[in-house]
Amino acid sequence: MFRPLLSLALTAILAASSFAAAAPENAPASFDQLLRAMSSAYDAPPQPVAEDVLPAVEKALEGDPRLWITVAASTKEERTRLLEMGLSIEEVAPNSVSGIVHRDSLPAFQAKSVGLLASMPLAQFAVSAYKDFPAQDAAYHNYQEMYDRLKALEAANPDIASLFSIGRTVQGREIWTLRINSSAKGASPSSKPGAVFQGAHHAREHLSVEVPLLFAVWLLENRNNAEVRKLITTLDIYIQPMINPDGAEHDIADGKYKWWRKNMSTNSGSQGVDLNRNYDSWWCEAGASNSPWADTYCGPSAFSEPESRAVRDFVKARPNLRTMISYHTYGEMVLYPWGGKYEDIPDQNDLKVFRNLAQGMARLTGYKAQKSSDLYAATGDSCDWAYAEAGIFAFTFELTPKGGWGSSGTFYPGAGVIEKSVRDNVQAALHLLKYTDNPRRAAAE
Ligand SMILES: [Zn+2]
């Protein structure tokens, strides 16, 4: 019981003394100085991790009986109690703390009265600490952080939220799905009209993870709002923030963006298939490449990839699905089918539905609504397939930035764009949910 407190005290003393050494009392850093120091830290090139560091980190902690855990706590009293239970608190967030605990102490943290949000072997945490976003973009969620966030949402809303995987990636990662439904959990069927929100088919489009993930946070936080409650009780809502976690993790693996787009399949002499060219909608006919080294490689056959197959099987098993958004970056657009053909979809009534819903969502985000192929034709994308195969009103969003002159950032616009993108897109996603019960109502507007 005393040791963690002692070590915390020691840490505090060390921190205080090093601060005193760096900034003597008679020369305090001004606000501007402090800001400059922080900016220059952000501008510094990320430190590459030497090849041998990760295995060494892992080996050093192999068999170590300690775990890195995250526990709900929002008051100093709660944090104190956790210290007393044997947790060394290393990180404090507004509603949770993280730190190290011995596995023999774990059962106490698993008790119902304690909100254990996540746990992993210390070796795993130590390695993951080296694999992350560059410091200036630390606000973005990596795969583990996304999982922790979803898990915490499930834990905080056990009556209406459930977390399950729709399948595994090439490298064996689970493709996590948070379901919000007041009467069905996990993979069990529901006859309520369904809506799907997907992110990160493309690895480097990290903002496309934040938008659906934080929409889930928003929905559950506002679950008692009358309008939201109505949606939650009448619909079957699925949120899949990272369809391509292998690629997304690869893109940030050494703290330096790789501009990676595809999944992590091994081709002969190259790596990766463009998952949004791998669906069976005029597969590889236009706007996709047969060359395995190309960024838009369509793969050896339609649905050759476990990630696109997982989405296919998920959709086919749920005839109740009515609406879908697949988030991408960038361009600030709301796109509707066809993407693979220049023609309009043949059903004139459905075309009106697509146009009216897209325009409604465009008004709320400031994006531009258009037929996807007006941008360029691309076959094998998820939205064409979902509409053609299952009649789902499926939209591709190209998030911020807008691109072109006067727009900053491309796939990596920085953490500063997250807040506005999320706020605007919460409204657009809500707009679509209001029509999910019967999207064809939108034809009349
Ligand atoms: Zn994309």
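Residues numbered from 1 in each chain as written. Predicted model: local features only at pLDDT ≥ 70, side-chain atom pairs only at ≥ 80, totals over all residues.

Let's shift gears to the sheet that holds strand β8 (residues 236-240). Two modes of strand pairing occur in sheets, parallel and antiparallel, and in both the strands are linked by backbone hydrogen bonds. Pairing within the open sheet is mixed, and its 8 strands lie in the order β5-β6-β8-β7-β11-β14-β12-β13. Looking along the sheet, the strands with just one partner apiece sit at the ends: β5 (161-168) and β13 (368-371). Mean inter-strand twist for the sheet, computed between neighbouring axes without regard to direction, equals 20 degrees. In the sheet, strand β6 (residues 174-180) pairs with β8 via 3 bridges, with the strands oriented antiparallel. If you follow R179 over to β8, its bridge partner there is Y238. (Pairing = 2+ DSSP bridges. Helix = DSSP H or I, 4+ residues; strand = E, 2+ residues; numbered from the N terminus. Axes fitted to C-alpha atoms, helices over the stretch in contact; angles between N-to-C directions.)

Here we take up the environment of L357. For L357, the location among the structural elements is in helix α12 (residues 348-365). In sequence terms L357 and A442 are 85 residues apart; their C-alpha atoms lie 6.6 Å from each other. Beyond its immediate chain neighbours, meaning those up to four positions away, L357 contacts F393, L432, Y435, P439 and A442. (Contact = placed C-beta atoms within 7 Å.)

To continue, consider helix α7 (residues 143-156). With 14 residues, α7 extends 20 Å between its outermost C-alpha atoms, agreeing within 8% with the 20 Å of an ideal straight helix rising 1.5 Å per residue. Taken as a whole, α7 has its buried residues at Y143, M146, Y147, R149, L150, A152, L153 and E154. Looking at the buried positions of α7, the neighbouring elements they touch are β4 (116-121), β5, β6, α8 (207-221) and α10 (245-252). (Expected span 1.5 Å × (residues − 1). Buried ≥ 20, exposed ≤ 12 C-beta atoms within 10 Å, placed from the backbone.)

Moving on, we come to the nonpolar core. Membership of the largest hydrophobic core comes to 93 residues, with the highest contact counts inside it found for V334, L357, F395 and L432. With 8 residues, α8 is the largest single contributor of residues to this core. Looking at which domains feed residues into this core, each of domain 2 (49-130) and domain 3 (135-444) gives three or more. Leaving out residues up to four positions away in the same chain, V334 has contacts with A358, M361, A362, Y367, A369, F395 and F397. (Core = buried A, V, L, I, M, F, W, Y, C linked by C-beta atoms within 7 Å. Domains from an automatic or database assignment.)

Quick look at the confidence of the model for the protein chain now. The predicted model of the protein chain averages 85 in pLDDT, with 85% of residues at 70 or higher. Ignoring residues within four places in sequence, the model shows residues 1-48, a span with pLDDT below 50, making 18 contacts including any to other chains. (pLDDT = per-residue confidence, 0-100.)

Right, let's talk about the packing of α7 against α8 for a bit. Contact geometry for α7 and α8: axes closest at 11 Å, N-to-C directions at 15 degrees. By the criterion of interaxial angle, the relationship of α7 to α8 is roughly parallel. Considering the relative orientation of α7 and α8, their crossing is left-handed. Mapping the contact onto sequence places M146, R149 and L153 in α7 and V209, L213, A216, V217 and L220 in α8. (Parallel < 35°, antiparallel > 145°, perpendicular 65-115°, else oblique. Left-handed = near helix turned anticlockwise from the far one by under 90°.)

We now examine the environment of R363. Structurally, R363 can be placed in helix α12. A tally of 14 C-beta atoms within 10 Å means that R363 is categorised as partly exposed. When the C-alpha positions of R363 and A428 are compared, they lie 8.5 Å apart, and in sequence the two are 65 residues distant.

Moving on: unusual backbone geometry. Residue T329 is joined to Y330 through a cis peptide bond whose omega torsion reads 0 degrees. Tracing the sequence through the fold places Y330 in the loop between β11 (321-329) and β12 (333-336). Cis geometry is adopted by the peptide bond preceding P401, which originates at T400 and carries an omega value of 0 degrees. Within the fold, P401 resides in the loop between β14 (393-399) and α14 (418-433).

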